[in-house]
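Spelled out, the chains give:
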Amino acid sequence: MKAFVWVLLLLCFLGSQAQNAMTVYLIPGQGGDARLFTHLEITGGHDVRHITYELPAPGLSMQEYAAILAGQIDTSEPFVIIGVSLGGMIATEMSQLVNAEKTIIISSAKSWNELPPRYRFQKRVPIYKMVSPRLSIFGAKLLQPIVEPDRQSQKEIFKAMLQDKDPRFIARTIPMIMQWDRTEAPDNIYHIHGSNDHTLPISHVAYDHLVEGGSHMMVLTDAARVSAAVNGVLANL
């Protein structure tokens, strides 16, 4: 009899898990791809899918690009969007276009106001326009380890992602960030940020969950704590 009760409880538990399961879409950062989420562990039986970046046309805005990428989302089923860095900005714009259960952004910004002053300066003085696509890739390879030193713990993955990135993608998404005009954060955004993020400093960010000591690269270099924060949000949906 006891065995029957335990089996019944297990079936009820599994049934509730399946009932709450949904699709989770992951959007990487500017220099990344699906490998950025190598160590991210999403529990709860959710179906995890990766948004694949398409090469944007020159001059495309963040809002326009988000609308194009949103075409990869099946809106007929419940879903969550998770974006990192540039992916978080795109996810923020997507949240205005599609009805996600929740939009989670990591090491990112949900409005122009959360970007550091150097971005605002280049909005007025567009120095980035003088940088060639290949030089953008070279600069990323050179500066990433200096700005975010913990990148070295996963340097082979970071190097491989940058090596495979089309230089035109970097060159065309830089203006998207610099010319981003969102001034207010939409509802339904949950923001996870690291206290040691040098790319998007915590001083400019209104976060919902702080990862103490976490860097801009923490989704890969500190995946256990980021996973715990993400799963905490998903468990409450």
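Bear in mind the structure is a predicted one, so any value in this text is a computation, not a measurement.

Scoring rules and cut-offs
Residues numbered from 1 in each chain as written. Predicted model: local features only at pLDDT ≥ 70, side-chain atom pairs only at ≥ 80, totals over all residues. Heavy atoms only, no water. Helix = DSSP H or I, 4+ residues; strand = E, 2+ residues; numbered from the N terminus. Buried < 20%, exposed > 50% of the residue type's maximum accessible area, 1.4 Å probe, protein only. Contact = heavy atoms within 4.5 Å. pLDDT = per-residue confidence, 0-100. Pairing = 2+ DSSP bridges. Axes fitted to C-alpha atoms, helices over the stretch in contact; angles between N-to-C directions. Phe/Tyr/Trp six-rings, centres within 6.5 Å; stacked < 30°, edge-to-face > 60°. Parallel < 35°, antiparallel > 145°, perpendicular 65-115°, else oblique. Nonpolar A, V, L, I, M, F, W, Y, C, P; charged D, E, K, R; others polar.

Q: Looking at this structure, I do not really get unusual backbone geometry. What am I missing?
A: Across the chain, the bulk of peptide bonds are trans and the bulk of non-glycine residues have phi less than zero. Positive phi, close to 55°, is recorded for serine 85, a residue that is not glycine. Inspection of the secondary structure assignment puts serine 85 in the loop between β3 (79–84) and α3 (86–94). For serine 85, a relative accessible area of 14% gives the class buried. For asparagine 188, which is not a glycine, the phi torsion comes out positive at approximately 70°.

Q: Quick question: what am I supposed to make of the environment of isoleucine 81 here?
A: By secondary structure assignment, the location of isoleucine 81 is in strand β3. Between the C-alpha atom of isoleucine 81 and that of isoleucine 51, which follows or precedes it by 30 residues, the distance is 9.5 Å. Those residues in contact with isoleucine 81 that lie beyond four places of it in its chain are Tyr25, Ile27, Ile73, Ala91, Met94, Val98, Ala100, Lys102, Thr103 and Ile104.

Q: Please explain the confidence of the model for the chain as it appears in this structure.
A: Of all residues in the chain, 78% attain a pLDDT of 70 or more, and the chain-wide mean is 86. Overall, residues 7–17 carries pLDDT values under 50, and its contacts beyond four positions in sequence, including any with other chains, amount to one contact.

Q: Can you help me understand the sheet that holds strand β4 (residues 102–106) in this one?
A: Sheet strands pair via backbone hydrogen bonds, and the direction of the pair is either parallel or antiparallel. The strand order across the open sheet formed by six strands is β2-β1-β3-β4-β5-β6, and the pairing between neighbours is parallel. Bordering the open sheet on either side are β2 (47–50) and β6 (209–211), each of which pairs with just one other strand. Mean inter-strand twist for the sheet, computed between neighbouring axes without regard to direction, equals 20°. Note that β4 and strand β5 (residues 189–194) share four bridges and pair parallel. Looking across to β5, one finds that isoleucine 105 is bridged to histidine 191. Sheet strands in contact with α3 are β1 (23–27), β3, β4 and β5, and its direction is about 145° off that of β3. Packed onto the sheet, helix α9 (residues 223–235) meets β1, β3, β4, β5 and β6 and runs at close to 165° relative to β4.

Q: So what exactly am I meant to see when it comes to the packing of aromatic side chains here?
A: Any aromatic ring pair is given by two values, namely how distant the centres are and how the planes are angled relative to each other. Under the defined criterion, the tally for this structure stands at three aromatic pairs. Where tyrosine 25 meets phenylalanine 79, the ring centres are 6.0 Å apart and the plane angle is 80°; that geometry is what we call edge-to-face. In this pair, tyrosine 25 sits in strand β1 while phenylalanine 79 sits in strand β3, placing the two residues 54 residues apart along the sequence. For tyrosine 25, a relative accessible area of 2% corresponds to the buried category. On the accessibility criterion, phenylalanine 79 (1% relative accessible area) is buried. Look at tyrosine 53 and phenylalanine 169: their rings are 4.9 Å apart centre to centre, the planes differ by 40°, and that puts the pair in the tilted class. With tyrosine 53 in the loop between β2 and α2 (62–69) and phenylalanine 169 in helix α7 (residues 167–178), this residue pair connects regions lying 116 residues apart in the sequence. In this pair, the class of tyrosine 53 matches that of phenylalanine 169, namely buried. Put simply, the rings of Tyr53, Tyr65 and Phe169 touch in pairs and so form one group of aromatic residues.

Q: Would you explain the side chain of serine 227 in this entry?
A: As for its position among the elements, serine 227 is in helix α9. Overall, the relative accessible area of 6% leaves serine 227 in the buried class. Apart from the residues within four sequence positions on either side, serine 227 is in contact with His39, Leu40 and Glu41.

Q: Explain α3 to me, please; I cannot follow it from the model alone.
A: Residue pairs spaced three or four apart in an α-helix point in one direction, given the helix's 3.6 residues per turn. Burial runs high along α3: nine of the nine residues are buried. Among the residues of α3, those classed as buried are Leu86, Gly87, Gly88, Met89, Ile90, Ala91, Thr92, Glu93 and Met94. Buried residues along α3 sit in contact with β1, α2, β3, β4, α7 and β5.

Q: I would appreciate a short explanation of the packing of α2 against α3 in the present structure.
A: Helix packing geometry: the angle between the two helix axes and the distance between the axes. Look at α2 against α3: their axes get within 8 Å of each other, and the N-to-C directions meet at 80°. The angle between α2 and α3 falls in the class roughly perpendicular. Contacts between α2 and α3 involve Met62, Gln63, Tyr65, Ala66 and Leu69 on the former and, on the latter, Leu86, Met89, Ile90, Glu93 and Met94. Grouping the amino acids of the contact of α2 with α3 by side-chain chemistry returns eight nonpolar, one polar and one charged.

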